[in-house]
Amino acid sequence: MWWMQWLLSLLSAMKLVFMEGLGTVALELFLSLPRYAPRFHHEHSHIDDNHELEDQLDAFFKEVKTQFELGNEDVAVMLLEANHERVKEDLDSGVRGIEQAAILDVIALAYMGIGHFSTSMHILEQLHEMVDSLEIEKQPLDSILIHMGGMYAKMGMPEMALPLYQRALKIEECLFGKQSLFLVSPLLGIARAFASSGRAKEGIKTFHQVIHLYERSKGGDDEDLVFPLSSLGNLLNNKHLQKVVWRK
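A brief report on the enclosed structure follows. Just so we're clear, the structure is a prediction, and the values are computed from it rather than from any experiment.

Procedures and definitions
Residues numbered from 1 in each chain as written. Predicted model: local features only at pLDDT ≥ 70, side-chain atom pairs only at ≥ 80, totals over all residues. Heavy atoms only, no water. Helix = DSSP H or I, 4+ residues; strand = E, 2+ residues; numbered from the N terminus. Buried < 20%, exposed > 50% of the residue type's maximum accessible area, 1.4 Å probe, protein only. Contact = heavy atoms within 4.5 Å. Areas by Shrake-Rupley, 256 points an atom, 1.4 Å probe, with all protein chains shown as cover. Expected span 1.5 Å × (residues − 1). Salt bridge = Lys/Arg side-chain N within 4 Å of Asp/Glu carboxyl O. Phe/Tyr/Trp six-rings, centres within 6.5 Å; stacked < 30°, edge-to-face > 60°. Polar contact = N/O pair within 3.5 Å; in protein donor to acceptor, adjacent residues only side chain to side chain. Arc of directions from axis to C-beta. Axes fitted to C-alpha atoms, helices over the stretch in contact; angles between N-to-C directions. Parallel < 35°, antiparallel > 145°, perpendicular 65-115°, else oblique. Left-handed = near helix turned anticlockwise from the far one by under 90°. Nonpolar A, V, L, I, M, F, W, Y, C, P; charged D, E, K, R; others polar. Core = buried A, V, L, I, M, F, W, Y, C linked by side-chain atoms within 4.5 Å.

Bringing the overall build of the protein into the picture now. The helix and strand inventory of the protein stands at eleven helices and two strands. For the protein, the α and β elements follow one another from N to C terminus as α-β-β-α-α-α-α-α-α-α-α-α-α. The 248 residues of the protein split such that 45% are buried. Sequence separation of 24 or more characterises 63% of the internal contacts of the protein that already satisfy a separation of 6 or more. Total accessible area on the protein stands at roughly 12800 Å², and carbon and sulfur atoms take up 52% of it.

This is how it looks when you write it as structure tokens:
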């Protein structure tokens, strides 16, 4: 893959020295780092390159996060900008596949993670346009859609998040069946988007779906039930929503 070779050569060559206000910071950037926050179900994947793609994106996301946590925000931004520019070259030349979408996904997540929300939203808009044109309904598109939904939700845009979660759910139902715990992530996103959009009945129904999946697979005492149960309780504790429910 062009981008992996390019990223490896870029990072291996970067023994960079940055002059900052308090002195000189010498940095070496590496790729051999643990997984990043987003998950790809590569063990069930029908795409041979998924595992390799995941590992490289894990490493890149982790490196950006590490540099930011060390106080090297300029380095983190430089890495993100360099990768974004390389992907834009592909987009300008008409190459708009799942690899480009996955890289933009990571870049948008990373920008949001370091607090650059306007840049993250700009990239998210690019990514949204791209996934709308992708006709493949398989991995890792499901994960990308869930990440996108999460970013829109974080920015207070549940109406943008909802169709992304719903598309991810359809993909995962086809891949894993309608009783799989893999459906929990998109279902929780859907439930929260409904709740945030004032669609309480639908949110409550969706939280019940999540609870049913957990109880069916893990029993009624599993600790993973805490979040959907507490979220459902928060909806029901609203007096107005209680009236809506009891009038059904």
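On we go.
Right, let's get into helix α4 (residues 98-113). Because an α-helix completes one turn every 3.6 residues, residues spaced three or four positions apart along the sequence face the same direction. End to end, α4 covers 22 Å across 16 residues, agreeing with the expected 22 Å (1.5 Å per residue, within 8%). Counting buried positions along α4 yields 14 of 16 residues, so the element is predominantly enclosed. After α4 finishes, the residue G115 shows a positive phi value of roughly 90 degrees.

Scanning the model with the defined rule gives seven salt bridges in all. When the shortest N-O distance is used, the salt bridge between E89 and R86 registers 3.3 Å. Remark: R86 and E89 occur in helix α3 (residues 73-92); sequence separation between them is three residues, near one turn of the helix. Judged by its relative accessible area of 48%, E89 is partly exposed. In this structure, a network of salt bridges that share partners links the residues R86, E89 and D90.

What follows concerns the packing of aromatic side chains. Counted under the stated rule, the structure contains one aromatic pair. With 4.4 Å between their ring centres and 40 degrees between their planes, F176 and F182 make a pair best called tilted. Residue classification places F182 among the partly exposed positions, given a relative accessible area of 22%.

With respect to the helices and strands, the residue K218 is situated in helix α9 (residues 200-218). Relative accessible area serves as the criterion here: at 40%, K218 is assigned to the partly exposed category. Along the sequence, K218 and L181 sit 37 residues apart, while their C-alpha atoms lie 9.6 Å from each other. Sequence-distant contacts of K218, that is, excluding residues within four places in its chain, are made with L181 and D224. Within the local environment of K218, its side chain forms a polar contact with the side chain of D224, the two groups lying 2.7 Å apart.

Taken residue by residue, helix α10 (residues 226-236) has P228, S231, L232 and L235 as its buried positions. An end-on view of α10 places all buried positions within 100 degrees of arc, on one side of the element. In α10, the exposed positions angled more than 90 degrees off the buried face are occupied by V226 and N234.

Direction vectors running N to C along helix α8 (residues 184-196) and α9 enclose 160 degrees, while the axes themselves pass 7 Å from each other. Of the possible angle classes, the one that applies to α8 and α9 is roughly antiparallel. Where α8 crosses over α9, the two elements pack in a sense that is left-handed. Residues V184, L187, L188, I190, A191, R192 and F194 of α8 form the contact with α9, whose participating residues are A200, E202, G203, T206, F207, Q209, V210, L213 and Y214. The class makeup of the residues in the contact of α8 with α9 is eleven nonpolar, three polar and two charged.

A few words now on the nonpolar core. Ranked by size, the top nonpolar core spans 62 residues in total, and within it L80, L127, V131 and I144 carry the most contacts. The leading source of residues in this core is α4, at twelve residues. Contact partners of V131, with chain neighbours within four places excluded, come to A101, L141, I144, L145, M148 and R167.

Time to look at the environment of F60. Structurally, F60 is set in helix α2 (residues 50-69). Spatially, the C-alpha atoms of F60 and A110 are 9.5 Å apart, while their sequence positions differ by 50 residues.

Let us now look at the side chain of S120. Looking at the secondary structure, you find S120 in helix α5 (residues 117-133). Take S120: its relative accessible area is 0%, and that puts it in the buried class.

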